[in-house]
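Architecture at a glance
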Amino acid sequence: MWRGFKMKCPACGKGRLFARFLKATPECTHCHTDLTCHEADDAPPYFTILIVGHIVVPLMLFVELEYLPPIWVHMVAWPALTLGLTVYLLPRIKGAVIGWQWALRMAGFGDKAESQL
Ligand SMILES: [Zn+2]
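Residues numbered from 1 in each chain as written. Predicted model: local features only at pLDDT ≥ 70, side-chain atom pairs only at ≥ 80, totals over all residues. Heavy atoms only, no water.

1. Examining the confidence of the model for the protein
Of the residues in the protein, 95% reach a pLDDT of 70 or more, and the chain-wide mean stands at 92. Per-residue pLDDT, averaged within each element of the protein, yields its smallest value for helix H4 (residues 109-115) (64) and its largest for helix H2 (residues 43-67) (97). (pLDDT = per-residue confidence, 0-100. Helix = DSSP H or I, 4+ residues; strand = E, 2+ residues; numbered from the N terminus.)

What follows is the structure in structure tokens.
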């Protein structure tokens, strides 16, 4: 999962996991592990929303209660922080989910491992 979070191949930790922002490479550029069989689906956005929400909402409430800033501060700061955290975390969480599936031979990774035996 940590290798995936670092956006590296879950098998070797050296090759790139993503060809583009959220598009996984068909195979690892280093060890040629097939990466097409992951089924991350809705898990990365779910976990990203969960984590970002638990960071932004308490911060927003804390700042409002402690400093009472003008409304424009809220209108600028929180969408920017939410967008920034989401863009940063979403591919990393998707990588971690792919690494989790690879490690537990879930999704199509189990089929590939069994067929190679
Ligand atoms: Zn690899």
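2. Brief notes about the coordination of the zinc ion
Around the zinc ion, the protein supplies Cys-9 (SG), Cys-12 (SG), Cys-28 (SG) and Cys-31 (SG) as donor atoms, at distances of 2.2 to 2.3 Å. Around the zinc ion sit 4 donor atoms; with metal-centred angles ranging over 105 to 112°, the donor geometry is tetrahedral. The sequence pattern formed by the donor residues of the zinc ion is C-x2-C-x15-C-x2-C. Of this pair, Cys-12 sits in the loop between helix H1 (2-5) and H2 while Cys-31 sits in the loop between H1 and H2, and the two are 19 residues apart along the sequence. A relative accessible area of 31% places Cys-31 in the partly exposed class. (Donors = N, O, S within 2.8 Å, 3.2 Å for Na, K, Ca; no water. Tetrahedral: all angles 85-135°; square planar, octahedral: opposite > 155°, others 65-115°. Buried < 20%, exposed > 50% of the residue type's maximum accessible area, 1.4 Å probe, protein only.)

3. Concerning helix H3 (residues 71-103)
Every α-helix winds through 3.6 residues per turn, so residues three or four apart in the chain are directed the same way. For H3, spanning 33 residues, the distance from its first C-alpha to its last is 46 Å, which sits close to the expected 48 Å at 1.5 Å a residue. Along its length, H3 reaches its greatest deviation from straightness, about 30°, at Leu-89, and the proline Pro-91 lies no more than four positions downstream. Looking at the residues trailing H3, positive phi occurs at Arg-105, about 55°. (Expected span 1.5 Å × (residues − 1). Bend = angle between axes of the 7 residues up to and from the residue.)

4. Some words on a negative patch on the surface
A cluster of acidic residues, Glu-39, Asp-41, Asp-42 and Asp-111, forms a negative patch on the protein surface. Here Glu-39 falls in the partly exposed class, since its relative accessible area comes to 47%. (Patch = residues over 30% accessible without salt bridge, like charges linked within 9 Å, V, L, I, M, F, W, Y side chains within 5 Å. Areas by Shrake-Rupley, 256 points an atom, 1.4 Å probe, with all protein chains shown as cover. Salt bridge = Lys/Arg side-chain N within 4 Å of Asp/Glu carboxyl O. Lys, Arg positive; Asp, Glu negative; His and termini not counted. Charge placed at Lys NZ, Arg CZ, Asp CG, Glu CD.)

5. A look at the nonpolar core
If you look at the biggest cluster of nonpolar residues, it comprises 19 residues, and the most contacted ones within it are Leu-17, Cys-28, Leu-35, Val-52, Val-56, Ile-98 and Phe-109. Those elements giving two or more residues to this core turn out to be H2 and H3. Among the elements that make up this core, the one with the highest residue count is H3 (6 residues). Each residue touching Leu-17, except ones within four places of it in the same chain, is listed here: Gly-4, Met-7, Lys-8, Cys-9, Pro-10, Lys-23, Ala-24, Thr-25, Leu-35, Gly-95 and Ile-98. (Core = buried A, V, L, I, M, F, W, Y, C linked by side-chain atoms within 4.5 Å. Contact = heavy atoms within 4.5 Å.)

6. Structural notes on H2
Counted at 1.5 Å a residue, the expected span for H2 with its 25 residues is 36 Å, and the 36 Å between its end C-alpha atoms agrees. For H2, the set of buried residues is Pro-44, Thr-48, Val-52, Val-56 and Val-63. Each element contacted by the buried residues of H2 is listed here: H3. One or two residues past the end of H2 sits Leu-68, with phi positive at roughly 45°.

7. Regarding the packing of H2 against H3
Direction vectors running N to C along H2 and H3 enclose 150°, while the axes themselves pass 8 Å from each other. By the angle between their axes, H2 is roughly antiparallel relative to H3. Crossing hand, H2 versus H3: right-handed. Taken together, the residues that form the contact of H2 with H3 break down as 18 nonpolar, 4 polar and 2 charged. (Axes fitted to C-alpha atoms, helices over the stretch in contact; angles between N-to-C directions. Parallel < 35°, antiparallel > 145°, perpendicular 65-115°, else oblique. Left-handed = near helix turned anticlockwise from the far one by under 90°. Nonpolar A, V, L, I, M, F, W, Y, C, P; charged D, E, K, R; others polar.)

8. Let's talk about the environment of Leu-22
By secondary structure assignment, the location of Leu-22 is in the loop between H1 and H2. In sequence terms Leu-22 and Pro-91 are 69 residues apart; their C-alpha atoms lie 5.7 Å from each other.

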